[in-house]
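Fold and contact review
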Amino acid sequence: MNARKVVLSILDTAVKVVFVVIAVMLISKYSKVAYNYGYRIFNQVPVSSGTGRTVSVTITDSDTGKKIAEKLANAGLITDKNLFVLQEMFSDYHELEAAGTYELSTSMTPEEMIRIMAAPSMTDENGDSSEEAGQ
């Protein structure tokens, strides 16, 4: 009977150790993924360096950040739609994108693209930008 208790105790300990090791590995792996994703939200890089390729993109009034991200990804201007949605959400231009056709380049960062698409909505009725109007 004592041998059986010893074996069960060893087996129980081994299972707990395996569980802890797996938990630590998963936490480590997904912590790195979360860090890299968070880093890329604020450290934006263009799809290509140099002059890049210019693409025309049309945005409508009904387009959400997700739909805009889909259009930009299909045009080859961004590499990760979900990342772009987060970048737009955390930008100063969140939900300020105006309808229109924009000439965007693969050498632009997502923040630059968002700023260009928000520029028409950043001007008041006199044609002054909201930054100039406050001065």
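Preceding block: the structure.
Residues numbered from 1 in each chain as written. Predicted model: local features only at pLDDT ≥ 70, side-chain atom pairs only at ≥ 80, totals over all residues. Heavy atoms only, no water.

Buried within helix α4 (residues 110-118) we find Pro110, Glu111, Met113, Ile114, Met117 and Ala118. Considered in projection along α4, the buried side chains sweep an arc of 160 degrees and stay on one side of the axis. As for α4, its buried residues are in contact with β1 (54-59), α2 (65-74), α3 (81-90) and β2 (100-105). (Buried < 20%, exposed > 50% of the residue type's maximum accessible area, 1.4 Å probe, protein only. Helix = DSSP H or I, 4+ residues; strand = E, 2+ residues; numbered from the N terminus. Arc of directions from axis to C-beta. Contact = heavy atoms within 4.5 Å.)

A few words on the packing of aromatic side chains. Going through the model one piece at a time under the given rule, you end up with two aromatic pairs. On the basis of an interplanar angle of 45 degrees and a centroid distance of 5.8 Å, the ring pair of Phe42 and Phe90 is categorised as tilted. Here Phe42 is found in helix α1 (residues 2-42), whereas its partner Phe90 is found in helix α3, with 48 residues between them in sequence. Take Phe90: its relative accessible area is 47%, and that puts it in the partly exposed class. (Phe/Tyr/Trp six-rings, centres within 6.5 Å; stacked < 30°, edge-to-face > 60°.)

Here we take up the pattern of salt bridges. Per the stated rule, a full pass over the model turns up four salt bridges. The partner of Asp12 in a salt bridge is Lys16, and the shortest N-O contact between them spans 3.2 Å. Highlighted residues: Asp12 and Lys16, both in helix α1, separated by four residues, approximately one helical turn. When its relative accessible area of 38% is taken as the criterion, Asp12 is described as partly exposed. When its relative accessible area of 52% is taken as the criterion, Lys16 is described as exposed. Two residues, Asp80 and Arg40, come together in a salt bridge whose shortest N-O distance is 3.2 Å. Separated by 40 residues along the polypeptide, Asp80 in the loop between α2 and α3 and Arg40 in helix α1 bring together distant segments of the chain. Under the relative-accessibility criterion, Arg40 is labelled partly exposed at 35%. (Salt bridge = Lys/Arg side-chain N within 4 Å of Asp/Glu carboxyl O.)

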